[in-house]
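Letter by letter, the chains look like this.
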Amino acid sequence: MNIYSSRPVVLCLSGHDPSGGAGLQADIEALLAQGCHAAPVVTALTVQNTVNVRDFRVLDREWVLAQADAVLSDSTVAAVKLGMLGSLEMVDTVVELLQAHPHLPMVCDPVLRAGGGGRLGKDEVGYAMRERLLPLATIATPNLPEARILAELPDGSADECAEKLLPFCQHLLITGGHGDEHEVHNRLYSRDGSRHTFTCYRLPGSYHGSGCTLASTLAGRLAIGEELVSAVQTALNYTWRTLRDAEQLGQGQFVPRRLPLDFCS
């Protein structure tokens, strides 16, 4: 029997998307492409497709804790990625879990809306994530609409939202894909005052699962030991390529084509 050295394991807590475009399947595909192994913990079941979200149901906290504990008691986890939580109780559940493992780098993707605009949790869930989860995160990766919800600034700029949110988190990446400028500006803010702006050409169309792809890729890069700013750049570049090669698998948004790095140049 051949014994292989293990790939870094990334614990993913997020929702299940039956269309396969976002949620845990996006996490699994993106992490596989980085040379990592995804350990998916289901926090919620959704009824959605590439057009929009129809409904969702958050799992009982006991089931979520049992899933995570089964993984953590068996495997050496290198990083954690958070996606859809969906309820205040689930925020509390994940906080309890993370406080027991404070050494793990954690990427928080504050999923409050699907790509088609459907709600995946009330705004109060976002406020709870801001107050309780962001302080535990290595980095949060909201898009600008999500950052505005978290910061309670309906018309705030990325800079204004960052000023409001940085007291809660160490690093903040606000993505600019929801604008209409020719170039996309993705802005990384750090509590020490450093800032980085990453620009890329805006692709036509809209995409289902782009935020999940970015956050899970970033978690994978951190899991393999890449330095944070470099990991952000790598994750943004990879995500852009998955959008460039996206497929229209349904009647709505395009689905990122999350191929391994060797096939996504």
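Before reading on, note that the structure itself is shown above.
Residues numbered from 1 in each chain as written. Predicted model: local features only at pLDDT ≥ 70, side-chain atom pairs only at ≥ 80, totals over all residues. Heavy atoms only, no water.

### Section: the packing of helix 4 (residues 123-133) against helix 5 (residues 144-151)
Part 1 of the argument: Running from N to C, helix 4 and helix 5 point in directions that differ by 80 degrees, and their axes come no closer than 8 Å. Put simply, helix 4 runs roughly perpendicular to helix 5. Contact with helix 4, carried on its side by Asp123, Gly126, Tyr127 and Arg130, involves Ile149, Leu150 and Ala151 of helix 5 and no other residues of that element.
Part 2 of the argument: Here the contact of helix 4 with helix 5 is built from residues that sort into four nonpolar, one polar and two charged. (Axes fitted to C-alpha atoms, helices over the stretch in contact; angles between N-to-C directions. Helix = DSSP H or I, 4+ residues; strand = E, 2+ residues; numbered from the N terminus. Parallel < 35°, antiparallel > 145°, perpendicular 65-115°, else oblique. Contact = heavy atoms within 4.5 Å. Nonpolar A, V, L, I, M, F, W, Y, C, P; charged D, E, K, R; others polar.)

### Some details on the pattern of salt bridges
Here the idea is simple: oppositely charged side chains can pair when their charged atoms come close.
Part 1 of the argument: Going through the model one piece at a time under the given rule, you end up with ten salt bridges.
Part 2 of the argument: A salt bridge links Asp159 to Arg195; the nearest nitrogen and oxygen atoms lie 3.6 Å apart. Placement of Asp159 in helix 6 (residues 158-165) and of Arg195 in strand 9 (residues 195-201) is noted, with a sequence separation of 36 residues between them.
Part 3 of the argument: In this structure, Asp245 and Arg244 form a salt bridge, with 3.0 Å as the shortest nitrogen-oxygen distance.
Part 4 of the argument: On the accessibility criterion, Asp245 (24% relative accessible area) is partly exposed.
Part 5 of the argument: Given a relative accessible area of 36%, Arg244 falls into the partly exposed group.
Part 6 of the argument: Residues participating in the shared-partner salt-bridge network are Arg130, Glu131 and Glu152. (Salt bridge = Lys/Arg side-chain N within 4 Å of Asp/Glu carboxyl O. Buried < 20%, exposed > 50% of the residue type's maximum accessible area, 1.4 Å probe, protein only.)

### Notes on the side chain of Asp17
Part 1 of the argument: By secondary structure assignment, the location of Asp17 is in the loop between strand 1 (9-16) and helix 1 (23-33).
Part 2 of the argument: Comment: no salt bridge for buried Asp17; closest opposite-charge side chain is Arg258, at 7.3 Å.
Part 3 of the argument: Reaching out from Asp17, the side chain makes a polar contact with the backbone nitrogen of Gly21 at a distance of 3.4 Å.
Part 4 of the argument: In this structure the side chain of Asp17 is engaged in a polar contact, spanning 2.9 Å, whose partner is the backbone nitrogen of Ala22.
Part 5 of the argument: If near-sequence neighbours (up to four positions away) are discounted, Asp17 is found in contact with Ala22, Gly23, Thr46, Gln48 and His208. (Lys, Arg positive; Asp, Glu negative; His and termini not counted. Polar contact = N/O pair within 3.5 Å; in protein donor to acceptor, adjacent residues only side chain to side chain.)

### Things to note about the layout of surface pockets
Part 1 of the argument: The space that makes up the largest pocket amounts to roughly 1,000 Å³.
Part 2 of the argument: Here the lining of the largest pocket takes six residues from helix 8 (residues 228-244), the largest share from any one element.
Part 3 of the argument: Residues that form the lining of the largest pocket fall into these classes: 19 nonpolar, 26 polar and five charged.
Part 4 of the argument: If you add up the space inside the second largest pocket, you get close to 230 Å³.
Part 5 of the argument: Lining the second largest pocket are 16 residues, and of these Leu144, Gly176, Glu181, His185 and Arg187 sit closest to its centre. (1 Å grid on protein atoms, 1.4 Å probe; cavity = no way out; pocket = protein on both sides within 12 Å on 5 of 7 lines; lining within 4 Å. Points joined across faces, edges and corners; volume = space filled by probe spheres on them.)

### Section: the nonpolar core
Part 1 of the argument: By size, the foremost hydrophobic cluster in this structure holds 45 residues, and its most contacted members are Leu11, Leu13, Leu82, Leu133 and Leu172.
Part 2 of the argument: In terms of residue count, helix 3 (residues 88-99) provides more of this core than any other element does, six residues in total.
Part 3 of the argument: Contacts of Leu11, omitting those with residues within four sequence positions, involve Ala39, Val41, Val71, Leu72, Val77, Ala79, Val80 and Lys81.
Part 4 of the argument: Within the second largest apolar cluster, 24 residues are counted, among which are Leu24, Leu31, Leu218 and Val232. (Core = buried A, V, L, I, M, F, W, Y, C linked by side-chain atoms within 4.5 Å.)

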